[in-house]
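These are the residues of each chain, in order.
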Amino acid sequence: IDGALRAYAYGAPLSKGFFDVMVGKGDTRVPNIYCAFIRGFTRFCCQGYSWINLEEDVGIEGLRTMKKLYKPDFLIEKFILREKRGHE
């Protein structure tokens, strides 16, 4: 945008029908940057794939909310695992 890099993403196919977007980052000072670059990235890089997985939301509610806007077929339920030591 205006000669400056404002967003980037990278990913790779995991199988014939499944593409994984591993990283997607955008300059949040640009309105709607994520919607615009995810749309562009998937149109350019993900043609021919039946399933597209966007990066892990690592429990950040804003990322999970954004993913829901794309009307996913499903979301994987998240859990937090903690090691129990001694008598804790």
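Owing to the predicted nature of the structure, the values given are computational and were not obtained by experimental measurement. All residue numbers refer to positions counted from 1 along the written sequence of the respective chain. Per-residue local features of the predicted model are confined to residues with pLDDT of at least 70, and side-chain atom pairs are confined, for both listing and counting, to 80 or more; whole-chain, interface and lining totals are unaffected and use all residues. As a convention, hydrogens and water are excluded, and side-chain values are obtained from all of the structure's heavy atoms.

A. Representation of helix α1 (residues 33-45) in the model. Secondary structure follows DSSP: runs of H or I at least 4 residues long count as helices, runs of E at least 2 residues long count as strands, and numbering of each begins at the N terminus. Helix span, as expected, comes to 1.5 Å for every residue beyond the first. Look at α1: 18 Å from first C-alpha to last across 13 residues, which is about the 18 Å you get at 1.5 Å a residue. By definition, residues are in contact when any of their heavy atoms lie within 4.5 Å. Buried residues belonging to α1 abut β1 (7-13), β2 (18-26) and β3 (51-53).

B. Broad picture of the pairing of β2. What makes two strands pair is DSSP finding at least two bridges between them. Sheet topology places β1 next to β2; seven bridges connect them, and they run antiparallel. Within the sheet, the bridge partner assigned to A9 lies in β2 and is G24. If you look at the hairpin formed by β1 and β2, you'll find four residues sitting between the two strands. In terms of strand pairing, β2 meets β3 through three bridges, oriented parallel. Paired with F18 across the strands is W51, a residue of β3. In this fold, the crossover linking β2 to β3 by way of α1 has right-handed handedness. Whether a crossover is right-handed comes down to one check: with the strands pointing away from the viewer, does the path from the first strand over the helix to the second run clockwise; if it does, it is right-handed.

C. Region of interest: the confidence of the model for the protein. On average, the protein scores 83 in pLDDT, and the residues at 70 or more come to 92%. Here pLDDT means the predictor's own confidence in every residue, given as a number from 0 to 100. Averaged pLDDT values for the elements of the protein fall to 75 in helix α2 (residues 61-69) and rise to 90 in β1.

D. Region of interest: the packing of aromatic side chains. Only the six-membered ring of Trp is used, alongside the rings of Phe and Tyr, when aromatic pairs are assigned; centres must lie within 6.5 Å, and planes under 30 degrees apart are stacked while those over 60 apart are edge-to-face, with the rest tilted. In the structure shown here, the tally under the stated rule is three aromatic pairs. Ring centres of Y34 and F37 lie 5.5 Å apart, and the angle between their planes is 50°; this geometry places the pair in the tilted category. Within this pair, Y34 and its partner F37 are both found in helix α1, separated by three residues, close to a single helical turn. For F37, a relative accessible area of 12% corresponds to the buried category. Put simply, the rings of F19, F41 and Y49 touch in pairs and so form one group of aromatic residues. Only protein chains enter the accessibility calculation, which uses a 1.4 Å probe; a residue is then buried when its area is under 20% of its type maximum, exposed when over 50%, and partly exposed in between.

E. Just the state of the cysteines, in detail. Whenever a pair of cysteine sulfur atoms sits within 2.5 Å, that pair is classed as a disulfide. According to the stated counting rule, one finds zero disulfides in the structure shown. No disulfide involves C35; its sulfur sits 16 Å from the nearest other cysteine sulfur, which is in C46. Here C46 is not cross-linked by a disulfide; its sulfur's nearest cysteine counterpart is in C45, at 5.9 Å.

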